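Here are the chains, one letter per residue:
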Amino acid sequence: MKILCLIRQVPDAEAKVKAALGKVDLDGATMALDGMDEYGVEQALRINEGGANTVAVALGNTRFEDAIRRSLAMGLERAVHIETDLLLDVVSQAQILKAVVLEEAPDLVFVGGQHADTDSQALGAALAEALGWNQITWTTELTLADGIAKATHDTDDGKESLELALPAIITTQQGLNEPRYPTLPNIMKAKKKEIRKTTPEQYGITNSKVRIVSQEIQERPRLNKLLDGKDPVTAANELIRLLHEEAKVI
Amino acid sequence: MILVVCEFDTKLKKSALEILGAAQRLEDSVTAVLLGTGAGGVALQAAQYASQVLVCEDALLVGAKNMAQAVSDLSEQAEATLVLMAGSRGGREIAPRVAVRLDAPYLEDATVLTNIEGGLQIQHYAYLARVTETLEAIAPIVVCSVKPNTQVVAEANSSAGEIFEVKLELTASGVTVLGRTVEKTSRVALTEASLVVTGGRGLGSPENFALIESLADVLGAGVGATRAAVDAGWRPYGEQVGQTGKTVQPNAYIAVGVSGAVQHLSGMGKSKNIVAINKDAEAPIFKVADYGIIGDLHAIMPALIEAAKKLRD
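The present account deals with the structure reproduced in this document. Keep in mind it's a predicted model, so treat the numbers as computed, not measured.

Along the backbone of chain A there are six helices and 15 strands. Summarising its shape, the C-alpha atoms of chain A cover approximately 65 × 45 × 40 Å along the three principal directions. For chain A, the proportion of its 250 residues judged to be buried stands at 48%. Residue pairs at least 24 apart in sequence account for 71% of intrachain contacts in chain A once pairs closer than 6 positions are excluded.

Below, the structure is given as structure tokens:
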């Protein structure tokens, strides 16, 4: 079975995000392989042990190469990097990625359930539509046999188990597996693995359908009235009083 | 004309009333779309808020692929300039497919929607809800999903809209549903609650969630849980708040034994008041708290429940 993993490089979840002049400033921010994408990489490596026929696909700027190397160090076989500084909308991304998927002809494509920079959940579904494939979003369990995928995924009010024929898009999240840490020998090996470079222009995409007008950090000022709980009854009474009289929420 | 794809069970869901409200404020001409089994049963309700209602109960209307085909076909037939969908999990797996089919810009999870010449401008959250982004798309048709609980619900029009039954040409999607689990709660729905009490791993055991439930019942609050508590099997998934669970924005969010990981904050950080109870004074949750008690929750929670009861009585 051939498997593609779409991966992205995003600011580390714990990193402080800065914005200046209406634009997020990522200079100096710690960047990492999106945690949501790691579940897909791990799942691919569990299906194809040893990493044969597993390919990382990344659409983004030069810095994405770190995330690509990380996925290769986890064990993926090789990578395709569609390198661009353009910030493309999801429909344009899907059009480019469709072409790459058709070149690679996989049975399965993993996509992170939500991206930690755009907060978008759309890429998996958009790519599935561009290819005319089915999708399973927010997958927590996956088994494959005879070209059929059985999966459990989260819905708005619970869970659902689905069965569908491959090829398909699977979007991943926490709960699917425990992603591995790359070992030092594998980090060394990853440095020699192939990264095929291409550009959006080669697929006829030169601009985005959506324009970012501004990016602001809107932090709500917090009161930070913290009580010492050494005397639980006094602290509890005071907290209830504050919520009733000051915040007026109870 | 705005095409509004409405979620429903036996009546319109709150998400549907919210996006109908958003549509009414953007434009006079609103078409409500009801797709799937039971659609006919909510048509009269939808007609109060829209100039026309399109209804289709085709049994093949299951799965994101077929739903997306239905929405894009209807929006082309109706010559819509904007397609609005709920930013629910279900809505957000269909909406991108609609945008691809229409080769249209997709604006996702909008909190604010504004008309601009030839298109739409929205605000939404990015970077795990740490950043507010303003986006705009100018195109003959735009697809937009709308974040739940961000819009004032629709008001009934002076005259009811016309109801039309429509036929669609669908083929089997190839997805079979093997089973469904719906998690029910007797309490107020988490996303609609004005007060939420949430427990985390700091509670130490599933039994200790009784403390959370007692306080919630005294206050009439919804009950939430962190990813860690859900993953440990202590609580059902439906109670999960955070990046991979529900997003809530109540008047007060009371976090008990919750450390405050970024992924959790992205689901509740916009709450009007944040209250934290944790023994670790360094827990990140205190950095975003309006009120809090630093101490042992096992001692504090019973006292808090008593104090809340006294206030109520």
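Turning to the overall build of chain B, a few remarks are in order. Secondary structure summary: chain B contains eight helices and 16 strands in total. Taking 313 residues into account, the globule formula puts the C-alpha radius of gyration at 20 Å, and chain B, at 21 Å, falls close to it. Projected onto its principal axes, the C-alpha coordinates of chain B cover approximately 65 × 40 × 40 Å. Expressed as a percentage of its 313 residues, the buried residues of chain B come to 58%. The contacts in chain B between residues at least 6 apart in sequence include a share of 62% that link residues at least 24 apart.

With 75 residues of chain A in contact, the opposing surface of chain B contributes 78 residues. Mapped onto the side of chain A that touches chain B, the elements with two or more residues apiece are helix 3 (90-104), helix 4 (123-131), strand 9 (134-145), strand 10 (148-155), strand 11 (158-165), strand 14 (211-216), strand 15 (225-228) and helix 6 (232-246) of chain A. With ten residues, helix 6 of chain A is the largest single contributor of residues to the side of chain A that touches chain B. Pairing of strand 14 of chain A with strand 8 (residues 131-138) of chain B involves five bridges; the strand directions are antiparallel. By the bridge assignment, A:Gln215 is partnered in strand 8 of chain B with B:Glu133.

Residue and element names in this part refer to chain A. Counting buried positions over the five residues of strand 12 (residues 168-172) gives five, a clear majority of the element. Residues Ala 168, Ile 170 and Thr 172 line one face of strand 12 and the alternating positions Ile 169 and Thr 171 line the opposite face, and both faces are buried. Across five bridges, the pairing between strand 8 (residues 108-112) and strand 12 is parallel. Bridging across to strand 12, Val 111 finds its partner in Thr 171. Bridge count between strand 9 and strand 12: four bridges; the pairing is parallel. For Asn 134, the partnering residue across the bridge sits in strand 12 and is Ala 168.

Glancing now at the sheet that holds strand 5 (residues 106-110) of chain B. Residues and elements named next belong to chain B. The strand order 5-9-4-1-2-3-10 describes an open sheet built from seven strands, whose pairing is parallel. Only two strands of the sheet have a single partner each, and these edge strands are strand 5 and strand 10 (162-165). Adjacent strand axes in the sheet meet at a mean angle of 20 degrees, parallel and antiparallel pairs treated alike. Note: strand 4 (residues 82-86) against strand 9 (residues 142-146), five bridges, orientation parallel. Residue pairing across strands places Met 85 opposite Ser 145, the latter belonging to strand 9. Sitting on the sheet, helix 1 (residues 14-26) touches strand 1 (2-5), strand 2 (30-35), strand 4 and strand 9, and the angle it makes with strand 4 is about 155 degrees. Contacts from helix 4 (residues 89-102) reach strand 4, strand 5 and strand 9, with the element oriented near 175 degrees to strand 9.

In this structure, B:Val4 and B:Leu84 are the most contacted members of the largest nonpolar core, which totals 189 residues. Excluding its chain neighbours within four sequence positions, the residues that come into contact with B:Val4 are B:Ile19, B:Leu20, B:Ala23, B:Val30, B:Thr31, B:Ala32, B:Val33, B:Ala50 and B:Leu84.

Now for the pairing of strand 14 (residues 252-256) of chain B. Residue and element names in this part refer to chain B. Most of strand 14 sits inside the fold, with five of its five residues counted as buried. Here strand 14 shows a buried face lined by Ala 252, Ile 254 and Val 256 and a second buried face lined by Tyr 253 and Ala 255. Note: strand 12 (residues 195-199) against strand 14, five bridges, orientation parallel. Opposite Leu 195, over in strand 14, you have Ala 252 as the bridge partner. In this sheet, strand 15 (residues 273-278) lies alongside strand 14 in parallel orientation, the contact comprising five bridges. Pairing of Tyr 253 across the sheet is with Ile 274, part of strand 15. With helix 7 (residues 262-268) bridging strand 14 and the parallel strand 15, this β-α-β connection has right-handed handedness.

Residues and elements named next belong to chain B. If you check helix 3 (residues 64-77), its first and last C-alpha atoms are 20 Å apart, about what 14 residues at 1.5 Å a residue would give, namely 20 Å. Within the span of helix 3, buried status applies to Ala 64, Lys 65, Asn 66, Met 67, Ala 68, Gln 69, Ala 70, Val 71, Ser 72, Leu 74 and Ser 75. A positive backbone phi angle near 55 degrees is found at Glu 79, which sits one or two residues after helix 3.

Let's shift gears to the packing of helix 6 of chain A against helix 8 (residues 297-312) of chain B. The N-to-C vectors of helix 6 of chain A and helix 8 of chain B enclose an angle of 45 degrees; their axes lie 8 Å apart at closest approach. Taken together, the axes of helix 6 of chain A and helix 8 of chain B are oblique relative to one another. The two elements helix 6 of chain A and helix 8 of chain B meet at a crossing, and its hand is right-handed. Contacts between helix 6 of chain A and helix 8 of chain B involve A:Pro232, A:Val233, A:Ala235, A:Ala236, A:Asn237, A:Leu239, A:Ile240 and A:His244 from the first element and B:Ala299, B:Ile300, B:Ala303, B:Leu304, B:Ala307, B:Ala308 and B:Leu311 from the second. Class assignment for the residues of the contact of helix 6 of chain A with helix 8 of chain B results in 13 nonpolar, two polar and no charged.

Let us look at unusual backbone geometry. Excluding glycine, a negative phi dihedral is what most residues carry, and trans is how most peptide bonds are arranged. Residue A:Pro167 follows A:Leu166 across a cis peptide bond; omega there is 5 degrees. Of note, A:Pro167 is situated in the loop between strand 11 and strand 12. With phi around 50 degrees, B:Asp103 is a residue other than glycine that occupies positive phi space. Position of B:Asp103 relative to the elements: it lies in the loop between helix 4 and strand 5. Judged by C-beta crowding, with 14 C-beta atoms within 10 Å, B:Asp103 ranks as partly exposed.

Turning our attention to the packing of helix 4 of chain A against helix 4 of chain B. For the pair helix 4 of chain A and helix 4 of chain B, the least separation of the axes is 8 Å and the interaxial angle reads 40 degrees. By the angle class used here, helix 4 of chain A and helix 4 of chain B are oblique. The handedness of the crossing between helix 4 of chain A and helix 4 of chain B comes out as right-handed. Contacts from A:Ala125, A:Ala126, A:Ala128, A:Glu129 and A:Ala130 of helix 4 of chain A reach helix 4 of chain B at B:Glu93, B:Pro96, B:Arg97, B:Ala99, B:Val100 and B:Arg101. Residue classes in the contact of helix 4 of chain A with helix 4 of chain B are distributed as seven nonpolar, no polar and four charged.

Procedures and definitions
Residues numbered from 1 in each chain as written. Chains lettered and ligands numbered in written order. Predicted model: local features only at pLDDT ≥ 70, side-chain atom pairs only at ≥ 80, totals over all residues. Helix = DSSP H or I, 4+ residues; strand = E, 2+ residues; numbered from the N terminus. Buried ≥ 20, exposed ≤ 12 C-beta atoms within 10 Å, placed from the backbone. Contact = placed C-beta atoms within 7 Å. Rg over C-alpha atoms; globule rule 2.2 N^0.38 Å. Pairing = 2+ DSSP bridges. Axes fitted to C-alpha atoms, helices over the stretch in contact; angles between N-to-C directions. Core = buried A, V, L, I, M, F, W, Y, C linked by C-beta atoms within 7 Å. Right-handed = clockwise from strand over helix to strand, strands pointing away. Expected span 1.5 Å × (residues − 1). Parallel < 35°, antiparallel > 145°, perpendicular 65-115°, else oblique. Left-handed = near helix turned anticlockwise from the far one by under 90°. Nonpolar A, V, L, I, M, F, W, Y, C, P; charged D, E, K, R; others polar.

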